[in-house]
Amino acid sequence: MLKPLRRTLFRDSMHGWMWRAGFLAALWFAALPAHGQNDPVRVIAFGAHPDDCDLGAGGLAAKYAALGYKVKFVSLTNGDAGHQLEGGGPLAMRRRAEAQEAGRRIGVEYEVLDNHDGRLLPTLEVREQIIREIRQWKADIVIGPRTNDYHPDHRYTGVLVQDASYMVIVPNIVTDTAALRRNPVFLYYSDRFTQPQAFRADIVVAIDDVYAKKVEMLDAHVSQFYEWLPWTEGQLGDVPKDPGARKTWLATQPIAASKAKPEWREALEERYGAGAVRVQHAEAFEITEYGRQPSEEEIRVLFPFFPTK
Ligand SMILES: [Zn+2]
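To start, this report covers the structure provided alongside it. (Residues numbered from 1 in each chain as written. Predicted model: local features only at pLDDT ≥ 70, side-chain atom pairs only at ≥ 80, totals over all residues. Heavy atoms only, no water.)

Now for the coordination of the zinc ion. Geometry reference: four tetrahedral donors at a metal, ideal angle 109.5 degrees. Six octahedral donors, ideal angles 90 or 180 degrees. Within the protein, His 49 (ND1), Asp 52 (OD), Asp 52 (OD) and His 154 (NE2) serve as the donor atoms for the zinc ion, at 2.1 to 2.5 Å. One way to put it: the four donor atoms around the zinc ion meet at angles of 55 to 123°, and that makes the site irregular. For the zinc ion, the donor residues sit on a single chain with the sequence spacing H-x2-D-x101-H. Of the two residues, His 49 is situated in the loop between β1 (42–47) and α2 (52–66) and His 154 in helix α5 (residues 152–167); the sequence distance between them amounts to 105 residues. The same class applies to His 49 and to His 154, which are both buried. (Donors = N, O, S within 2.8 Å, 3.2 Å for Na, K, Ca; no water. Tetrahedral: all angles 85-135°; square planar, octahedral: opposite > 155°, others 65-115°. Helix = DSSP H or I, 4+ residues; strand = E, 2+ residues; numbered from the N terminus. Buried < 20%, exposed > 50% of the residue type's maximum accessible area, 1.4 Å probe, protein only.)

Quick look at the structure:
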């Protein structure tokens, strides 16, 4: 008699355990917000150089930061080739300090990885750095460049982020950092390249209210916007010496102006309605085919900036 009784008790307790485990799992899944890992959402953006994220998503980041949302910018290279007079370690240190100041000015975290500028390749090592970054940040949104940019570092940053986009949820890859339970939404920054296909503006965010902050952020990259880039354009003599005057000058430059492009109008009207005509400065993003594909309802949770219809 004892044996069957013990077996029954064991079976009952197993059923109880399984039922409780199932119940707890259901509770855990129900507690996860429908749009991703976190509430509020967490955003991570990758650039090849310390200033790329700022140009592509500085306004968006300032808008999230103003809401108290967490944003992180990651530069995959240390920028040690981006100057006509300086280079190597001293330039890398200068650019890291500029990036950190830029992040501080709009309230986002800024990390500069120590890969060489102008020499970035889509290696397994850098892919794993990106997987760790996305997982540690518990990102809901990941932003990177498209893969048809003129600059090899930008292009490979695009490839590397694409290559990480599925692996972030695979527990057997990069086993020292817990895999995400849900795939983030992956976005591309806007660009001007048309081969093999042009950028598609899926999400356009008006940044007029934070445009001055974006310029403040760019102004922190002194080595780039006042020295290196004007030098490459043969315009070094145009840059005012006075810090206030040069910031005003920077705001007028096409690279910093973030003008809403005519081809973005339709996407602006879709979400801002009649207010779209008043939008001067904007940033646009394309939803990649990798990662989670958000519904319109989810888009409005991930981008809580659009007026309610
Ligand atoms: Zn760059």
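Next up on the list: unusual backbone geometry. Most peptide bonds take the trans configuration, and most residues that are not glycine carry a negative phi. The step from Gln 195 to Pro 196 runs through a cis peptide bond, and the omega angle for that step is -5°. Within the fold, Pro 196 resides in the loop between β5 (185–189) and β6 (203–206). A positive phi angle, near 50°, is found at Val 174, a position not held by glycine. For Val 174, the location among the structural elements is in the loop between α5 and β5. If you check the backbone angles, Ser 258 has positive phi at about 50° while not being a glycine. Relative to the assigned elements, Ser 258 resides in the loop between α9 (254–257) and α10 (265–272). A relative accessible area of 11% places Ser 258 in the buried class.

The two faces of a sheet get side chains in turn, since along a regular strand they alternate between them. Judged by which residues are buried, β6 turns out to be covered on both faces: Ile 203 and Val 205 on one side and Val 204 and Ala 206 on the other are all buried. With four bridges joining them, β6 and strand β7 (residues 282–291) adopt antiparallel strand pairing. When the bridges of β7 are listed, Val 204 appears paired with Ala 284. (Pairing = 2+ DSSP bridges.)

Counting across every chain of the model gives seven aromatic pairs. A centroid spacing of 5.7 Å and a plane angle of 20° characterise the contact between Tyr 64 and Tyr 69, whose relative ring orientation is stacked. Judged by relative accessible area, which is 1%, Tyr 64 ranks as buried. Among the residues examined, Tyr 69 registers a relative accessible area of 16% and is labelled buried. Ring-pair connections join several aromatic residues into one group, and the members of that group are Tyr 64, Tyr 69 and Phe 305. (Phe/Tyr/Trp six-rings, centres within 6.5 Å; stacked < 30°, edge-to-face > 60°.)

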